[in-house]
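This is what each chain is made of:
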Amino acid sequence: MSNVSEIVTSIGVVPVIKLDHPQRDAANLANALCAGGVPVAEVTFRAAGAAEAIRLMAEAQPQMLVGAGTVLTTAQVDEAIAAGAKFIVTPGLDPEIVRYCQDKGIDVFPGCTTPTDYHTAYKLGLKTLKFFPAEQSGGLAKIKAMSAPFPMFKVMPTGGISLKNLKEYISCPVICACGGSYMVTADLINNQKWDEITDLCKKSVEIVKEARA
Ligand code: 3PG
């Protein structure tokens with residue numbers, strides 16, 4: 001397991017963030033997540049200012065593990081690395097992007113949900129995968145079924161995870177961490193509800209702790 005995977009695993013949850021106003025919100029958000037015990041973020045390239053958001057979050061909380069999500073091109077990989085991203089997440093499995101990240105020495109977690117995806121990921125030498133979109137792709141039952149032929153992977157399910165099902169997911173030994181936007185929704189960010197974000201992070205960390213006790 002890489003250092004990045006180890007840190008992500010130890011935290012257990014990865015907030016998936018779309019920031020429309022990085023100058024206004026990035027530092028506050030980084031502070032809120034860290035105060036809640038979740039010093040990690042997947043900042044998605046779905047928002048135009050993603051690279052700036054990555055840079056500002058990493059500046060505000062230098063010990064935080066800030067990565068880039070929804071990365072679709074090698075140009076975005078370059079942009080993310082230049083902004084200080086420590087890992088790359090892609091929604092699907094693109095061998096070209098995976099190899100590009102491997103050449104650059106940055107961890108990449110591609111979205112995989114099928115035996116074909118997993119097999120390709122195996123051949124690419126990957127160890128940790130994003131399982132996306134988790135609930136919509138068969139959820140925990142599918143993750144468990146996939147681990148029979150592919151016991152070598154740890155997965156980070158994302159998509160449809162909330163405080164309601166986090167314990168069930170994170171209790172599964174195949175799962176190293178759960179991604180989600182539930183603690184950083186557009187409503188929470190746009191209305192600058194930083195204390196609520198911190199609170200949701202604390203609750204998530206508590207659930208992870210309970211599940212692993
Ligand atoms: C992602 O990009 O990983 C998902 O959109 C997050 O899914 P969620 O909003 O259901 O947590």
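This section reports on the structure supplied with the text. Bear in mind that the values here come from a model prediction, so they are computed numbers and not experimental data.

Before going further, it helps to spend a moment on the overall build of the chain. Looking only at helices and strands, the chain has 10 helices and 8 strands in total. Over its C-alpha atoms the chain spans a radius of gyration of 16 Å, differing by no more than 12% from the 17 Å that the globule rule assigns to 213 residues. Based on the C-alpha atoms only, the size of the chain along its principal axes is roughly 45 × 40 × 30 Å. Out of the 213 residues belonging to the chain, those deemed buried represent 54%. When contacts within the chain are restricted to residue pairs at least 6 apart in sequence, long-range pairs at least 24 apart make up 60% of them. With the model as given, the accessible surface of the chain reaches about 9,100 Å², and the carbon-plus-sulfur share is 53%.

Turning our eyes to something else, we now look at the site of the ligand. Within the structure, the ligand sits among Val 16, Arg 46, Lys 130, Phe 132, Thr 158, Gly 159, Gly 160, Gly 180 and Ser 181. Take Lys 130: an N or O atom from its side chain is 2.8 Å from an oxygen atom of the ligand. Ser 181 has a polar side-chain atom sitting 2.5 Å from an oxygen atom of the ligand. The residue inventory of the shell around the ligand, partitioned by class, reads 2 nonpolar, 5 polar and 2 charged.

Between helix 2 (residues 22-35) and helix 10 (residues 194-212), the least distance of the axes is 7 Å, while the angle of their chain directions is 35 degrees. When you trace helix 2 past helix 10, the crossing you get is right-handed. On helix 10, the residues touching Asp 25, Asn 28, Leu 29, Ala 32, Leu 33 and Ala 35 of helix 2 are Trp 194, Ile 197, Thr 198, Cys 201 and Lys 202. Here the contact of helix 2 with helix 10 is built from residues that sort into 7 nonpolar, 2 polar and 2 charged.

Summed over all chains, the structure comprises 8 salt bridges. Between Asp 25 and Arg 24 there is a salt bridge, with the nearest N and O atoms lying 2.9 Å from each other. Residue Asp 25 is classed as buried on the basis of its relative accessible area, which comes to 0%. Accessibility expressed as a relative area gives 36% for Arg 24, which makes it partly exposed. For Lys 130, the salt bridge goes to Glu 42, with nearest N and O atoms at 3.4 Å.

We now examine helix 3 (residues 50-60). Among the residues of helix 3, those classed as buried are Ala 50, Ala 51, Ala 53, Ile 54, Leu 56 and Met 57. In this fold, the buried residues of helix 3 make contact with strand 1 (13-17), helix 2, strand 2 (40-44), strand 3 (65-69) and helix 4 (74-83).

To continue, consider the packing of aromatic side chains. Taken as a whole and assessed by the stated rule, the structure comprises 4 aromatic pairs. With a centroid separation of 5.4 Å and 80 degrees between ring planes, the pair formed by Tyr 118 and Phe 153 is classed as edge-to-face. One end of the pair, Tyr 118, is in helix 6 (residues 115-123); the other, Phe 153, is in the loop between helix 7 (139-147) and strand 7 (154-157), with 35 residues separating them in the sequence. For the pair shown, Tyr 118 and Phe 153 are each scored as buried.

Keep in mind that most residues, glycine aside, have a negative phi and that most peptide bonds are trans. Looking along the chain, the bond that leaves Phe 132 and enters Pro 133 is cis, with omega of -10 degrees. Locating Pro 133 in the fold gives a position in the loop between strand 6 (128-131) and helix 7. Positioned with a positive phi, Thr 70 is a non-glycine residue whose angle comes to about 50 degrees. As for its position among the elements, Thr 70 is in the loop between strand 3 and helix 4. Taking the relative accessible area as the measure of exposure, Thr 70 reaches 15% and is therefore buried.

Conventions adopted
- Residues numbered from 1 in each chain as written.
- Predicted model: local features only at pLDDT ≥ 70, side-chain atom pairs only at ≥ 80, totals over all residues.
- Heavy atoms only, no water.
- Helix = DSSP H or I, 4+ residues; strand = E, 2+ residues; numbered from the N terminus.
- Rg over C-alpha atoms; globule rule 2.2 N^0.38 Å.
- Buried < 20%, exposed > 50% of the residue type's maximum accessible area, 1.4 Å probe, protein only.
- Contact = heavy atoms within 4.5 Å.
- Areas by Shrake-Rupley, 256 points an atom, 1.4 Å probe, with all protein chains shown as cover.
- Near = heavy atom within 4 Å.
- Polar contact = N/O pair within 3.5 Å; in protein donor to acceptor, adjacent residues only side chain to side chain.
- Nonpolar A, V, L, I, M, F, W, Y, C, P; charged D, E, K, R; others polar.
- Axes fitted to C-alpha atoms, helices over the stretch in contact; angles between N-to-C directions.
- Left-handed = near helix turned anticlockwise from the far one by under 90°.
- Salt bridge = Lys/Arg side-chain N within 4 Å of Asp/Glu carboxyl O.
- Phe/Tyr/Trp six-rings, centres within 6.5 Å; stacked < 30°, edge-to-face > 60°.

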